[in-house]
Each structure stands twice: as C-alpha cells, then as structure tokens.
Amino acid sequence: MSPGVLRFTVSERALHWVLALGYLLLLASGLPLMAPALQSGIRGYSPLIGERLHLACAIFWVLATLGALALGNRCRVARTLGELARLEPADWRWLRSFPRWLVAAPRERARLHRDVARFNAGQKVNALFTLVTASLLLATGVALWPLGPTASGATRTAG
C-alpha cells in the first residue's frame, strides 16, 4: 500500500476506537464485579461505586457508538460491515493456509495473501467473534443490572 492511500475513513476509525475503548473500559470496570478477589487489589474499592462506574462505561459505550454511527458516513460503515460479513473463496483459502502462513517466508506470505481483499479471513472471523461476544455481554449486563453487585457475590455496604 502506498503512503497516500487511505485504507479507512474517519467514520470507520472513529467507530473502531469507540467500540474498542468502550469494550476495554467495560472489561476493566466489570472484572472486579465478577471476581471479588480482584477487589482487594484496588484500594478503597466499593462494589456500589464499581457497579455505577461499570454502568457509566456501558452508557458511554452505547451512546458513543450511536453517536459515531449518527455523525459518521453510515453508507461507508455499512459497506465495511458488508465486506466483513462475507466470506469469499479467497477467504476460505486464506483460512486453510493460515498455519503455513505463520511460518512462511515473506515471499510465500505475499503469494498466499495475493487474492485477499481489504480484509483477510482472520479479520472477518475476529469481527464476527467481537460482535457476538459484545452482544452477549450487553444482553447479560442488561439482564444482571436489576440484581446489582450482589449478583456477582459482592456485598453492598450500608450507608
């Protein structure tokens, strides 16, 4: 790729970073809620504040994603999602050659990668995995929300 070629638009990059940052914030704020042993490593940790922080991260994630979609180039993002959702014959060849690709010489890697479009099959599989796990985590978070921190074994402190 030459230096003057733009691979992703501002809308695609913004959506990527909103999703990635939100995912990481939710992971960091949710782990102590689900694994109380981690709470002892956080000085002054309160399950109630941890729950509220996690909820704030979830709201940020949803609103920032909707904002990036609303303000961005929705046609380009939709086209990118379409590209990620489609596995072409070259993608199946890439998946079959992947173990060999890892240890191949640069010239052999280039040959194996020759027919791949903008996204290789590994990127497409990763996008699908991320979409499915993010959807499941969002669904379980919404389902657990009414239960509060006690759902993960943490206890609320009075006052």
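Predicted model only: the values in this text are computed from it and were never measured.

Undergrad: I'd love a proper account of the overall build of the protein, names of residues and values included.
TA: A count of helices and strands for the protein gives six helices and zero strands. For the protein, with 159 residues in total, the buried portion stands at 27%. Sequence separation of at least 24 residues holds for 71% of the intrachain contacts in the protein that already meet a minimum separation of 6. Per element, the accessible surface of the protein, about 11000 Å² overall, is 70% carbon and sulfur.

Undergrad: Quick one: what's the story with the environment of Ala78, residue by residue and with numbers?
TA: Relative to the assigned elements, Ala78 resides in helix 3 (residues 74–85). Expressed as a C-alpha distance, the spacing of Ala78 and Glu12, which sit 66 residues apart in the sequence, is 9.8 Å.

Undergrad: I'd like a description of the side chain of Lys124, backed by residues and values.
TA: Looking at where Lys124 falls in the secondary structure, it is placed in helix 6 (residues 121–144). Here Glu83 takes part through its backbone oxygen, which lies 3.5 Å from a polar atom of the side chain of Lys124. The residues contacting Lys124, other than those within four sequence positions of it, are Glu83, Leu84, Arg86, Leu87, Glu88, Asp91 and Phe119.

Undergrad: How would you explain the packing of aromatic side chains if you had to name every residue and give the values?
TA: For the structure shown, the criterion picks out two aromatic pairs. On the basis of an interplanar angle of 35 degrees and a centroid distance of 5.8 Å, the ring pair of Phe8 and Phe119 is categorised as tilted. Separated by 111 residues along the polypeptide, Phe8 in the segment before helix 1 (10–34) and Phe119 in the loop between helix 5 (106–113) and helix 6 bring together distant segments of the chain. A ring pair is formed by Tyr23 and Trp61, whose centres lie 6.3 Å apart and whose planes are at 80 degrees; its orientation type is edge-to-face. Note that Tyr23 is positioned in helix 1 and Trp61 in helix 2 (residues 47–71), a separation of 38 residues in sequence.

Each value, and the rule that gives it
Residues numbered from 1 in each chain as written. Predicted model: local features only at pLDDT ≥ 70, side-chain atom pairs only at ≥ 80, totals over all residues. Heavy atoms only, no water. Helix = DSSP H or I, 4+ residues; strand = E, 2+ residues; numbered from the N terminus. Buried < 20%, exposed > 50% of the residue type's maximum accessible area, 1.4 Å probe, protein only. Contact = heavy atoms within 4.5 Å. Areas by Shrake-Rupley, 256 points an atom, 1.4 Å probe, with all protein chains shown as cover. Polar contact = N/O pair within 3.5 Å; in protein donor to acceptor, adjacent residues only side chain to side chain. Phe/Tyr/Trp six-rings, centres within 6.5 Å; stacked < 30°, edge-to-face > 60°.

Read these as layout, nothing more, since geometry by itself doesn't imply function.
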